[in-house]
Amino acid sequence: MIGVVVRNRPSITADQARSLAAMGVATVHEAQGRTGLFLPPIAPIQRDASIAGSAVTVLAQPGDNWMLHVAVEQCRPGDILVVACTTENTDGMFGDLLATSLMSRGVAGLVIDAGVRDSAELRRMGFAVWARAVHARGTVKATLGSVNVPVVIGGQYVKPGDAIVADDDGVVVVPHATVESAIAAARKRVLNEEAKRARLAAGELGLDIYDMRPKLAEAGLRYVDDLPNE
Ligand SMILES: O=C([O-])CC(=O)C(=O)O
Ligand SMILES: [Mg+2]
């Protein structure tokens, strides 16, 4: 769908966003059955940023950031701008000026399957970005795309209003309809990991905690004292 701006879309609550951000990408991804994870070319340009929010989606054309300017107006506090491209592109569609505009609307961050520039300034501003590339090449404003239509980005299908979680480990999407169940499953996982962490810190082995020895023996793993002679 090209040449459309959709005004209405669902949102997650601030509480849901806080929970998802605190639990992080790896836990949320595991908790929802190892789904939703973006492919690694889309990576953070900073360290130690951990955000979650509702997706405002953009379908942009390569080398063209027109639709990003259109999308800013559709953003609400806590949203995350999610920019997919109609074809592979690394041009610097986004920089400190667009970030300034998004920050003035309370946007939590940007996930973009293209390039960004002014990267040092973006870090200095504290505007969190996950991008395919850092690339200074400028873009034009000439071809229509769309705002708030479903997009495919990082190998995942993202609908406007889906929850996006992003941190140092990457980006994961949680479909809007399953946000509550994903949070509940992720909480369970966090509690379970806390118990394991305490046992590992006390020196217990994963081999014993996970009862791996019988299965390893069954698979044929042997322990010998010395390297056998050839
Ligand atoms: O203006 C642009 O085309 C992108 C950019 O560098 C900025 O937002 O600062
Ligand atoms: Mg700039």
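Source: prediction; values computed, not measured.

(A) A look at the packing of helix H1 (residues 14-31) against helix H5 (residues 179-201). Running from amino to carboxyl end, H1 crosses H5 at an angle of 70°, the nearest separation of the two axes being 9 Å. By the angle between their directions, the pair H1 and H5 is classed as roughly perpendicular. For the pair H1 and H5, the contacting residues are Gln16, Ser19, Leu20, Met23, Thr27, Glu30 and Ala31 in the first and Val179, Glu180, Ala182, Ile183, Ala185, Ala186, Arg187, Arg189 and Val190 in the second. Of the residues assigned to the contact of H1 with H5, the class counts are nine nonpolar, three polar and four charged.

(B) Broad picture of the side chain of Ser54. With respect to the helices and strands, the residue Ser54 is situated in strand E2 (residues 51-60). Here Ser54 falls in the buried class, since its relative accessible area comes to 2%.

(C) Representation of the environment of Cys85 in the model. The residue Cys85 is located in strand E3 (residues 80-85) in this model. When the C-alpha positions of Cys85 and Ala186 are compared, they lie 31 Å apart, and in sequence the two are 101 residues distant. Discounting chain neighbours no more than four positions away, the residues touching Cys85 are Leu59, Ala60, Gln61, Pro62, Met93 and Asp113.

(D) Broad picture of the environment of Gly63. Along the chain, the position of Gly63 falls in the loop between E2 and helix H2 (66-72). Spatially, the C-alpha atom of Gly63 lies 9.4 Å from that of Thr143, the residues being 80 residues apart in sequence. Residues within four places of Gly63 in sequence aside, it is in contact with Asn89, Asp91, Met93, Thr139 and Val140.

(E) Quick look at unusual backbone geometry. The phi dihedral of Arg34 falls on the positive side, at around 55°, and the residue is not glycine. With respect to the element layout, Arg34 can be found in the loop between H1 and strand E1 (43-44).

(F) Structural detail: the site of ligand 1. As a structural note, the neighbourhood of ligand 1 is formed by Asn65, Met93, Gly95, Asp96, Leu97, Leu98, Arg117, Asp118 and Lys141. The separation between an oxygen atom of ligand 1 and a polar main-chain atom of Gly95 is 3.1 Å. Take Leu97: an N or O atom from its main chain is 2.9 Å from an oxygen atom of ligand 1. Taken by itself ligand 1 offers 260 Å² of open surface, and the protein chains cover 88% of this. In terms of residue count, helix H3 (residues 96-104) provides more of the shell around ligand 1 than any other element does, three residues in total. Class assignment of the residues belonging to the shell around ligand 1 gives a composition of three nonpolar, two polar and four charged.

(G) The pairing of strand E10 (residues 163-167), seen in detail. Most of E10 is tucked away, with five of its five residues classed as buried. What you see with E10 is no split at all: Ala163, Val165 and Asp167 on one side and Ile164 and Ala166 on the other are buried throughout. Summarising the sheet, E10 and strand E11 (residues 170-174) pair through five bridges and their orientation is antiparallel. If you follow Val165 over to E11, its bridge partner there is Val172. Counted along the chain from E10 to the antiparallel partner E11, the turn is two residues long.

(H) Examining a nonpolar patch on the surface more closely. A contiguous nonpolar surface patch, about 270 Å² in accessible area, is contributed by Ile2, Trp66 and Leu144. Note that Ile2 resides in the segment before H1. The exposure class of Ile2 is partly exposed, given its relative accessible area of 47%.

(I) Here's a closer look at the pattern of salt bridges. On inspection of all chains with the given rule, the structure shows eleven salt bridges. As a salt-bridge pair, Asp79 and Arg9 come within 2.8 Å of each other at their nearest N and O atoms. Of the two residues, Asp79 is situated in the loop between H2 and E3 and Arg9 in the segment before H1; the sequence distance between them amounts to 70 residues. Salt-bridge contacts for Asp15 lead to Arg18; the nearest nitrogen and oxygen are separated by 2.6 Å. With a gap of three residues between them, Asp15 and Arg18 both fall in helix H1, about one helical turn apart. Through salt bridges with shared partners, a single ionic network connects Glu88, Asp113 and Arg132.

What counts and how
- Residues numbered from 1 in each chain as written.
- Chains lettered and ligands numbered in written order.
- Predicted model: local features only at pLDDT ≥ 70, side-chain atom pairs only at ≥ 80, totals over all residues.
- Heavy atoms only, no water.
- Axes fitted to C-alpha atoms, helices over the stretch in contact; angles between N-to-C directions.
- Helix = DSSP H or I, 4+ residues; strand = E, 2+ residues; numbered from the N terminus.
- Parallel < 35°, antiparallel > 145°, perpendicular 65-115°, else oblique.
- Contact = heavy atoms within 4.5 Å.
- Nonpolar A, V, L, I, M, F, W, Y, C, P; charged D, E, K, R; others polar.
- Buried < 20%, exposed > 50% of the residue type's maximum accessible area, 1.4 Å probe, protein only.
- Near = heavy atom within 4 Å.
- Polar contact = N/O pair within 3.5 Å; in protein donor to acceptor, adjacent residues only side chain to side chain.
- Areas by Shrake-Rupley, 256 points an atom, 1.4 Å probe, with all protein chains shown as cover.
- Pairing = 2+ DSSP bridges.
- Patch = residues over 30% accessible without salt bridge, like charges linked within 9 Å, V, L, I, M, F, W, Y side chains within 5 Å.
- Salt bridge = Lys/Arg side-chain N within 4 Å of Asp/Glu carboxyl O.

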